[in-house]
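Report on the structure
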Amino acid sequence: MNEILGIVLAAIICWFNFVLIDTWMGLPESPGVKGAEVIGRSVKKRGGDLAGGFFQGNIVCSPDASAGTLLASIACYAIGTPEGGLIAAVLVYFGNRICADPGYAGTTGALSITVIIYLTSFIGFKPEYFIVGMVLAILTIQGLYQTGASRLLGKLAQKMGRYTKLT
Amino acid sequence: MIIHANVFSYIIALGVALILGLVLRLPLLPDKPMRDSWTISAVFPTAVLAIGFYAMLYELGYQGYIVALITGIITALFAKFILEKLVPRPESEESP
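Residues numbered from 1 in each chain as written. Chains lettered and ligands numbered in written order. Predicted model: local features only at pLDDT ≥ 70, side-chain atom pairs only at ≥ 80, totals over all residues. Heavy atoms only, no water.

1. Looking at the overall build of chain A
Counted only if it meets this: Numbering of helices and strands runs from the N terminus; a helix is a DSSP stretch of H or I covering at least four residues, while a strand is a stretch of E covering at least two. This radius of gyration counts C-alpha atoms alone. The globule rule is 2.2 Å times how many residues there are, raised to the power 0.38. Only protein chains enter the accessibility calculation, which uses a 1.4 Å probe. A residue is then buried if its area is under 20% of the maximum for its type, exposed if over 50%, and partly exposed in between.
If you tally the helices and strands in chain A, you get eight helices and zero strands. When the helices and strands of chain A are listed from N to C terminus, the series reads α-α-α-α-α-α-α-α. Taking 15 Å as the expected radius of gyration for a compact globule of 167 residues, we find that chain A reaches 15 Å, a close match to that expectation. Reported as C-alpha extents along the three principal axes, the dimensions of chain A are approximately 45 × 30 × 25 Å. A buried classification covers 55% of the 167 residues belonging to chain A.

This is the structure we're talking about:
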């Protein structure tokens, strides 16, 4: 497969993988730690959405599905599929527990991307496409236009019934 | 890429951890709503840890059904008696 096309497709797959799992696991509902709340309030003050801001704050402050996806991709590249992904899931779980998070989102993200990497390997995708793809996917959430991204995440949270009850 | 690990070993590690976890009176699933629950249950994290630990041993060169069986047993004991002490739940959660 063409490398550039592979990276673009991997970025899209990674984006949906981590955004859907994180939203489903309730990241937009409430800030897990104080830092996430500060980020959420700051995003709202700049014209963003509070639930989307909490989502962005939470993925900064503890390893959620975004970190699970990235670490599992790296581990699959370095160690192999599926052992790397399974080892990454354990490490992400301990990282989660240390960061005051029960660990469902991170572990689910790591396991799901391991399955995806395994399945897409049959059509020519390599784990390194997913490493670059995940970095690009996080860039669209945190780096390019944070307030706009937070509004999109807020709308998604509303659709999935995970919108924050805080004001 | 082909899966080169023995799938049965993973199933043994997962199954043994799950069954021994239930014997040790861990709940099958966390309390609801699961996404906010800190309960250590047989499915999560015990079964997930079991396949992860077996993957680590596999990569270190220790392979086979016996290794998978022992991994499952040790993981269930670890989850029941040590995990909560090693990575405790946060002491005070701020009420929103």
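2. A look at the overall build of chain B
Heads up, the condition is: Throughout, a residue-residue contact means that at least one pair of heavy atoms, one from each residue, lies within 4.5 Å. All accessible-area figures derive from a Shrake-Rupley calculation using a 1.4 Å probe, and residue coverage is judged against the displayed protein chains alone.
For chain B, the helix and strand inventory stands at four helices and zero strands. Ordered by position from the N terminus, the helices and strands of chain B form the series α-α-α-α. In chain B, the proportion of contacts linking residues at least 24 apart, taken out of those at least 6 apart, comes to 63%. For chain B, the computed accessible surface area is about 5,700 Å², with 69% contributed by carbon and sulfur atoms.

3. Some thoughts on the pattern of salt bridges
This is how the line gets drawn: Salt bridges are counted wherever a side-chain nitrogen of Lys or Arg sits within 4 Å of a carboxyl oxygen of Asp or Glu.
The full count for this structure, using the stated rule, is three salt bridges over all chains. Note that Glu37 of chain A is salt-bridged to Arg41 of chain A, the shortest N-O span being 3.4 Å. Separated by four residues within a single helix, Glu37 of chain A and Arg41 of chain A lie in helix H2 (residues 34-45), roughly one turn from each other. Residue class for Arg41 of chain A comes out partly exposed when judged on its relative accessible area of 29%. We note a salt bridge from Glu84 of chain B to Arg97 of chain A, for which the minimum N-O separation is 3.9 Å. A residue pair is termed interchain when its members come from two chains, as with Glu84 of chain B in helix H4 (residues 83-86) and Arg97 of chain A in helix H5 (residues 83-98). In this structure Arg97 of chain A comes out as buried when scored by relative accessible area, which is 4%.

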